[in-house]
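# Structural characterization, general
Listed here are the chains, written in short residue letters.
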Amino acid sequence: MSTEIEAQGMAPGVNVHTRGTRGSYLIGLSYAVVLTLASFWASSTDVIYSPGVPILLGVLAIAQMGVHLVFFLHISSAPDQTNNILALAFGIFVVGLLVFGSMIIMAHLNHNMMPMNKLMQMQR
């Protein structure tokens, strides 16, 4: 079986028969629902130490993105997926650049703004 997969140019971890089937979509949906419910539970419970809740939500969000990439967008480590992985990496880079660049610009503007009480005194 492994020689058949290698002959097709597929990565060893890629299962040809479950890719894009109804069963794989249902598995992905169930993982996504469980992670979503876990996120809602984590944000509304007192069982978890309060400063750790944002970290847990971040971990659950990254897991949710992984489920969507694997089960719905079919991104894998197969050699024929190189272009998809590069496009994903470029998209993440652009979004990060926009978000963090905007935060730097807003922090710079906030630092250089005149305090509100001095601004109000100038208008009188």
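Residues numbered from 1 in each chain as written. Predicted model: local features only at pLDDT ≥ 70, side-chain atom pairs only at ≥ 80, totals over all residues. Heavy atoms only, no water.

## Quick look at the overall build of the chain
Helix and strand content of the chain: five helices and zero strands. Going residue by residue from the N terminus, the α and β elements of the chain occur as α-α-α-α-α. Of the contacts made within the chain by residues no fewer than 6 positions apart, 54% connect residues no fewer than 24 positions apart. If you sum the accessible surface of the chain, you get close to 9,800 Å²; carbon and sulfur atoms cover 71% of it. (Helix = DSSP H or I, 4+ residues; strand = E, 2+ residues; numbered from the N terminus. Contact = heavy atoms within 4.5 Å. Areas by Shrake-Rupley, 256 points an atom, 1.4 Å probe, with all protein chains shown as cover.)

## Concerning helix α2 (residues 22-44)
What sets the pattern is the α-helix's 3.6 residues per turn: residues three or four places apart point alike. Its 23 residues give α2 an end-to-end C-alpha distance of 33 Å, which sits within 8% of 33 Å, the value for a rise of 1.5 Å per residue. Regarding α2, the residues found buried are S24, G28, A32, L35, S39 and A42. Where α2 is buried, its residues meet α3 (53-72). (Expected span 1.5 Å × (residues − 1). Buried < 20%, exposed > 50% of the residue type's maximum accessible area, 1.4 Å probe, protein only.)

## Comments concerning the packing of aromatic side chains
Here the structure, examined in full by the defined rule, presents two aromatic pairs. Centroid distance Y25 to F72: 6.2 Å. Interplanar angle 5°. Geometry classified as stacked. Residue Y25 is found in helix α2, and its partner F72 is found in helix α3; the two are separated by 47 residues along the sequence. Residue F72 is classed as partly exposed on the basis of its relative accessible area, which comes to 28%. (Phe/Tyr/Trp six-rings, centres within 6.5 Å; stacked < 30°, edge-to-face > 60°.)

## A look at a nonpolar patch on the surface
A cluster of nonpolar side chains, contributed by V95, V99, F100, M103 and M106, occupies part of the molecular surface with about 510 Å² of accessible area. The exposure class of M103 is partly exposed, given its relative accessible area of 46%. (Patch = residues over 30% accessible without salt bridge, like charges linked within 9 Å, V, L, I, M, F, W, Y side chains within 5 Å. Salt bridge = Lys/Arg side-chain N within 4 Å of Asp/Glu carboxyl O.)

## Regarding the confidence of the model for the chain
Residue-level pLDDT values for the chain average 85, and 85% of them are 70 or greater. Taking the mean pLDDT of every element in the chain, the minimum, 51, falls on helix α1 (residues 2-7) and the maximum, 94, on α2. (pLDDT = per-residue confidence, 0-100.)

## Describing the side chain of Q64
Mapping Q64 onto the fold places it in helix α3. A distance of 3.5 Å separates a polar side-chain atom of Q64 from the backbone oxygen of A32. Apart from the residues lying within four places of it in its own chain, the contact partners of Q64 are A32, L35 and T36. (Polar contact = N/O pair within 3.5 Å; in protein donor to acceptor, adjacent residues only side chain to side chain.)

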